[in-house]
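So you can see what is in the structure, the chains are spelled out below.
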Amino acid sequence: MDTLEDNDIALGICRKVWGAAAAQDHELYWVIATHGGYLSVARLDGEPVGASLGLLAHRGTELVSHFTGVTPGFAGAGVGFALKQHQRAWAQTQGLETITWTFDPLVRRNAWFNLVRLGASVRRHVVNYYGALNDAINGMDDTDRFEVAWPVGVALEPSVVTAVDDDVVVEIPADIEAMRTADPVLAQQWRRDLRAIVDEPLRNGWHLVGMTADYRYVLRPPTKESP
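Residues numbered from 1 in each chain as written. Predicted model: local features only at pLDDT ≥ 70, side-chain atom pairs only at ≥ 80, totals over all residues. Heavy atoms only, no water.

Novice: Outline the overall build of the protein chain, listing residues and values.
Specialist: Check the secondary structure of the protein chain and you find six helices and nine strands. Relative to a compact globule of 227 residues, whose C-alpha radius of gyration would be 17 Å, the protein chain shows 18 Å and is just as compact. Projected onto its principal axes, the C-alpha coordinates of the protein chain cover approximately 55 × 40 × 30 Å. The burial tally for the protein chain puts 44% of its 227 residues in the buried class. (Helix = DSSP H or I, 4+ residues; strand = E, 2+ residues; numbered from the N terminus. Rg over C-alpha atoms; globule rule 2.2 N^0.38 Å. Buried < 20%, exposed > 50% of the residue type's maximum accessible area, 1.4 Å probe, protein only.)

Here it is, written out as structure tokens:
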């Protein structure tokens, strides 16, 4: 992707996903795309249905994927998976080692996609990473995030995990986005509860090793080997 038209299309898709106030920095995104960064548009029968933006970090060894979005109506159609695979193939041609990005640990479908389908691993948990966004997805909720790492050029075998012995199994809601609209107080309580369970252990050597088949996180003590 190397045209201003595609740059504008990508930003338009971002606004369709996160709301009208999202992705207003046309010039910034274009500078990223034309100075070593990654910007792509996915099309289905000629129609733009997804986009992804990433920038280089850590002295050019890592691609930070800032957003990957799929337009409403095409979620679950494989567009996001195709975008991430294209992103990974591009990163490999550039000699990069890792792709990283963040996601809301309460959004179950994204957790499953990132950890199980793609095989990314959680690096850390960050409290209120972006501050208040007040967009169409996050509302006024705190933006706690998992940062994940996805190695480039390494064979991955994505799979579910099974909790054993001293592992801690962590529940998350089926649809936190709907809950934010229907019961924002309850949604905020989920945020506080998850933060209380995962934040300190992850800062003290525990590993979030993946998800079970019934969509629960598995926290493993540092004395055990990760899968």
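Novice: Outline the pattern of salt bridges, supporting the account with residue identities and numerical values.
Specialist: Throughout the structure, instances matching the rule amount to 14 salt bridges. Measuring nitrogen to oxygen at the nearest pair gives 2.6 Å for the salt bridge that ties R43 to D6. Of the two residues, R43 is situated in strand β1 (residues 38-44) and D6 in helix α1 (residues 4-18); the sequence distance between them amounts to 37 residues. For R43, a relative accessible area of 40% gives the class partly exposed. Since its relative accessible area comes to 13%, D6 is described here as buried. Linked through salt bridges whose partners overlap, the residues forming this network are E62, R123, R124 and E147. (Salt bridge = Lys/Arg side-chain N within 4 Å of Asp/Glu carboxyl O.)

Novice: Before we move on, can you summarise the packing of α1 against helix α2 (residues 26-34) with the specific residues and values?
Specialist: In contact at an axis separation of 10 Å, α1 and α2 are set at 120 degrees when each is read in the N-to-C sense. With respect to α2, the axis of α1 lies oblique. Crossing handedness for the pair α1 and α2: right-handed. Of the residues in α2, those in contact with L4, N7, D8 and L11 of α1 are H26, Y29 and W30. A class-by-class count of the residues in the contact of α1 with α2 yields four nonpolar, two polar and one charged. (Axes fitted to C-alpha atoms, helices over the stretch in contact; angles between N-to-C directions. Parallel < 35°, antiparallel > 145°, perpendicular 65-115°, else oblique. Left-handed = near helix turned anticlockwise from the far one by under 90°. Contact = heavy atoms within 4.5 Å. Nonpolar A, V, L, I, M, F, W, Y, C, P; charged D, E, K, R; others polar.)

Novice: Give a detailed account of the sheet that holds strand β7 (residues 168-170), specifying residues and quantitative values.
Specialist: Overall, antiparallel pairing links the three strands, which are arranged β7-β9-β8 in an open sheet. Of all the strands in the sheet, the pair left with one neighbour each is β7 and β8 (207-211). Neighbour to neighbour, the strand axes of the sheet diverge by 25 degrees on average, direction disregarded. This element, helix α6 (residues 184-203), spans β7, β8 and β9 (217-220) of the sheet and lies at about 140 degrees to β7. (Pairing = 2+ DSSP bridges.)

Novice: Mind laying out helix α4 (residues 108-117), listing which residues take part and the relevant values?
Specialist: Among the residues making up α4, those that are buried are A111, F113, N114, L115 and V116. The inward-facing, buried residues of α4 contact α3 (79-93), β4 (98-103), β5 (121-126), β6 (145-151), β8 and β9. Among the residues trailing α4, G119 stands out with phi positive, at a value near 85 degrees.

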